[in-house]
Amino acid sequence: MNTLVIVLIAAVVLIAAYAFYGRWLAKKWGIDPTAKTPAVRLEDGKDYVPTNGWTVFCHQFSSIAGAGPVTGAIQAAAFGWLPVLLWILIGGVFFGAVTDFGALYASVKNDGKSIGMLIEKYIGKFGRKIFLLFCWLFTLLVIAAFADMVAGTFNAYEVVDGVTQLSESATTNGAAGMISIMFMVCAVVFGLAKKKFNISGWKEVVFGLACIVVSFVVGMNFPLTFTKETWSYITFVYIFFAAVLPMWLLKQPRDYMTTFMFGGMIAGAVIGLFVAHPTMNLPVFTGFTNDKLGNLFPILFVTVACGAVSGFHSLVSSETSSKTVENEKDMLKVGYGAMVLESLLAVIALCVAGAAAASDGTAAVGTPFQIFSRGVAGFFEMFGVPVYVATAFMTMCVSALALTSLDAVARIGRMSFQELFSVDDMEHAAPWRKLFCNTYFSTIVTLLCGYVLTKIGYANIWPLFGSANQLLSALVLLTLCVFLKVTGRSNKMLFPPLIIMFCVTFTALVQRFMAMVKAIQNAAAVTIPAGETTWGAVFIANGLQLIIAVLLIALGLVIVVNSTKSLVNSKSNSEKAD
């Protein structure tokens, strides 16, 4: 089938969903353009910052459009392109966008409170503590998976016959890494300039594009050929600053600039598909069982992950975006619009992978990032863009997908850790509690734990990440059901995705638990030669995941029980709707 037809069908479905279903939700729940948002009422210059709607949209899209839509869609294509496409469209329209929009809406209507704080309000303090612990564990998985991807993307070395040497892509990878560093520097300059000179409108666009050009010129002329380990250290240093600095200084300007890059990447892919209109070489459907991934249910759903629905998105909506929306009318495009655009990105990634596959249906060789970047870089080359420039640009783009999620999740992880130990009267709290709630201490603890998990590798973490991510979305939907009920708003549209996601995620987590137990049992049955540390590797790869999986299952069940009780016992329209 022609890949261009697939993209056009997906675009029409997603645009129609935004125009009709998204606006129907906004009308059903109620949007008040005259109301003062938390960003306006509680402005503090750090987290609560009134921001133009399109800038918030850029932040939301850049933060949620991480590695998920590319990695998930391409990996799940092992079941065939049709089931992946159907789940991206159905999930994106009725599951993911609804969850993102609902989380943003509920947060804005509650002074920009995070989902954890909303759970305390509508479900209870115990439920909040358990949910915050769940969120913090989840952020560790995201940090580990995406940081490992970024470091691997910029790595300039490879091991051949036991000897470490520069790889063929060393210069390209090093250029992308240097561009990333320059992006961070230029983002700070951009943020300071906007703050001091109040740059907006076309001047903001020109300044942002100028920063992008400078970053690329410097990066491509001065590539950094570092090892994966060195890039891992650099990545964690960056996300430390992203987690503690004010939003306006680093994160918002970087997201604004990154959105232009993503726009160029998506445009290049779409135009390339339009001009070349390659055939979708991947099989339509390969069966309900895959030797490598497992059964279509639930593996397809948790593998596609962010391209259809993601609990992580709701954390971005409630932890950061809700504190910067300056007018309620912007919530639809920020909450619902950013998600359907991400679903379109997932469809494009699927089509690029389909075009890169062999004519007999054999998938292209390489990681999902490599397949996607090579494919789109090939499209750019058709238009006369030099190979080095096209490859460096796409390498930077795919790494930026992970980096923009990394800096958001590091901030969310830090805030979850702080909220976990905070009390109402922090001024008279115990010294240890003040230490745990300290911005820098909580960030360091979170990033250290995430760094340990990078040793597992993103490929091993992804199934557990996907399961936890989808379960988080189900827990958020359950909280939103309570919020909508007590404020007299309709919540019936949330029950189908809520029930389906609980069935999917608990099944996936139990299967993952059993797989890791089996892996440990098999390792224990093998005699380990003296002096080897095989057991240490087995524990890191499976033991840590096993512990986290058990905690996630237990915490998830506790939250479900408490939330369900609150949903049943709460009275409809018992709280005055704002």
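Caption draft 1: A look at helix H16 (residues 387-421). Between its first and last C-alpha atoms H16 spans 51 Å; for 35 residues at 1.5 Å apiece the expected length is 51 Å, and the two agree. Residue alanine 400 marks the point of greatest curvature in H16, where the axis turns by about 30°. Of all 35 residues in H16, 31 are buried; the element is thus mostly enclosed.

Caption draft 2: Representation of the packing of helix H10 (residues 228-244) against helix H18 (residues 439-453) within the structure. One way to put it is that H10 packs onto H18 with a least axis distance of 10 Å and a crossing angle of 150°. When the interaxial angle is binned, H10 and H18 end up roughly antiparallel. Here H10 and H18 pass one another in a crossing that is right-handed. Across from Glu229, Ser232, Tyr233, Phe236, Ile239, Phe240, Ala243 and Val244 in H10, the residues of H18 making contact are Thr439, Tyr440, Thr443, Ile444, Leu447, Gly450 and Tyr451. Tallied by class, residues from the contact of H10 with H18 come to ten nonpolar, four polar and one charged.

Caption draft 3: Geometry of the layout of surface pockets. In this structure, the largest pocket spans a volume of roughly 980 Å³. Every residue lining the largest pocket is counted, 37 residues in all, and those nearest its centre are Gln75, Asn290, Lys292, Leu293 and Thr303. Broken down by secondary-structure element, the contributors of at least two residues to the lining of the largest pocket are helix H4 (68-76), strand E4 (294-295), helix H12 (296-304), helix H15 (368-382), helix H19 (458-486), helix H20 (495-524) and helix H21 (534-569). Among the elements that make up the lining of the largest pocket, the one with the highest residue count is H19 (six residues). Of the residues belonging to the lining of the largest pocket, the class tally is 22 nonpolar, 13 polar and two charged.

Caption draft 4: Fine view of the side chain of aspartate 100. Locating aspartate 100 in the fold gives a position in helix H5 (residues 81-108). No salt bridge is formed by the buried aspartate 100; the nearest opposite charge belongs to lysine 251, separated by 14 Å.

Caption draft 5: Representation of a nonpolar patch on the surface in the model. A contiguous nonpolar surface patch, about 650 Å² in accessible area, is contributed by Leu82, Leu86, Ile90, Phe94, Val284, Phe285 and Phe288. Considering the arrangement of structural elements, one finds phenylalanine 285 in the loop between helix H11 (251-276) and strand E3 (289-290). By relative accessible area, phenylalanine 285 is classed as partly exposed at 39%.

Caption draft 6: A look at the side chain of serine 563. In this fold, serine 563 is placed in helix H21. Residue classification places serine 563 among the buried positions, given a relative accessible area of 1%. In terms of polar contacts, serine 563 uses its side chain to reach the backbone carbonyl oxygen of isoleucine 559, at 2.8 Å. Apart from residues lying up to four places away in sequence, serine 563 is in contact with Ile123, Leu478 and Val482.

Caption draft 7: Up close: the environment of tryptophan 136. Of note, tryptophan 136 is situated in helix H7 (residues 125-154). Judged by relative accessible area, tryptophan 136 falls into the buried class, the value being 11%. Along the primary structure tryptophan 136 and alanine 410 are separated by 274 residues, whereas in three dimensions their C-alpha atoms are 9.8 Å apart. When neighbours within four sequence positions are excluded, tryptophan 136 is seen to be in contact with Gly413, Ser416, Phe417, Val445, Thr446 and Cys449.

Caption draft 8: A look at the packing of aromatic side chains. Enumeration over the complete set of coordinates arrives at 37 aromatic pairs. Aromatic pair phenylalanine 240 and phenylalanine 241: ring centres 5.5 Å apart, planes at 75°, arrangement edge-to-face. When the centroid spacing of 5.9 Å and the interplanar angle of 25° are considered together, the rings of phenylalanine 417 and phenylalanine 436 count as stacked. Taken together, the residues span a long stretch of sequence, with phenylalanine 417 in helix H16 and phenylalanine 436 in helix H17 (residues 431-436) at a distance of 19 residues. With a relative accessible area of 6%, phenylalanine 417 lands in the buried category. Following the ring pairs from residue to residue traces out a cluster consisting of Trp136, Phe417, Phe421, Trp432, Phe436 and Phe441. The cationic tip of lysine 196 hangs over the ring face of phenylalanine 197; the distance from NZ or CZ to the ring centre is 5.9 Å.

Caption draft 9: Seen up close, the nonpolar core. One finds Phe146, Tyr336, Phe372 and Met394 to be the most contacted residues of the largest nonpolar core, which totals 199 residues. In terms of residue count, the dominant contributor to this core is H7 (20 residues). Not counting residues up to four positions away in its chain, the partners in contact with phenylalanine 146 are Gly66, Ala67, Gly68, Ala402, Ser405, Leu406, Trp462 and Phe465.

Caption draft 10: Quick peek at the pairing of strand E1 (residues 157-160). In terms of strand pairing, E1 meets strand E2 (residues 163-166) through four bridges, oriented antiparallel. In the sheet register, valine 159 faces E2, and the bridge partner there is threonine 164. Following E1, the chain reverses through two residues before pairing antiparallel with E2; aspartate 161 in that reversal takes a positive phi of roughly 55°.

Cut-offs and rules
- Residues numbered from 1 in each chain as written.
- Predicted model: local features only at pLDDT ≥ 70, side-chain atom pairs only at ≥ 80, totals over all residues.
- Heavy atoms only, no water.
- Helix = DSSP H or I, 4+ residues; strand = E, 2+ residues; numbered from the N terminus.
- Expected span 1.5 Å × (residues − 1).
- Bend = angle between axes of the 7 residues up to and from the residue.
- Buried < 20%, exposed > 50% of the residue type's maximum accessible area, 1.4 Å probe, protein only.
- Axes fitted to C-alpha atoms, helices over the stretch in contact; angles between N-to-C directions.
- Parallel < 35°, antiparallel > 145°, perpendicular 65-115°, else oblique.
- Left-handed = near helix turned anticlockwise from the far one by under 90°.
- Contact = heavy atoms within 4.5 Å.
- Nonpolar A, V, L, I, M, F, W, Y, C, P; charged D, E, K, R; others polar.
- 1 Å grid on protein atoms, 1.4 Å probe; cavity = no way out; pocket = protein on both sides within 12 Å on 5 of 7 lines; lining within 4 Å.
- Points joined across faces, edges and corners; volume = space filled by probe spheres on them.
- Lys, Arg positive; Asp, Glu negative; His and termini not counted.
- Salt bridge = Lys/Arg side-chain N within 4 Å of Asp/Glu carboxyl O.
- Patch = residues over 30% accessible without salt bridge, like charges linked within 9 Å, V, L, I, M, F, W, Y side chains within 5 Å.
- Areas by Shrake-Rupley, 256 points an atom, 1.4 Å probe, with all protein chains shown as cover.
- Polar contact = N/O pair within 3.5 Å; in protein donor to acceptor, adjacent residues only side chain to side chain.
- Phe/Tyr/Trp six-rings, centres within 6.5 Å; stacked < 30°, edge-to-face > 60°.
- Lys NZ or Arg CZ within 6 Å of the ring centre and 35° of its normal.
- Core = buried A, V, L, I, M, F, W, Y, C linked by side-chain atoms within 4.5 Å.
- Pairing = 2+ DSSP bridges.

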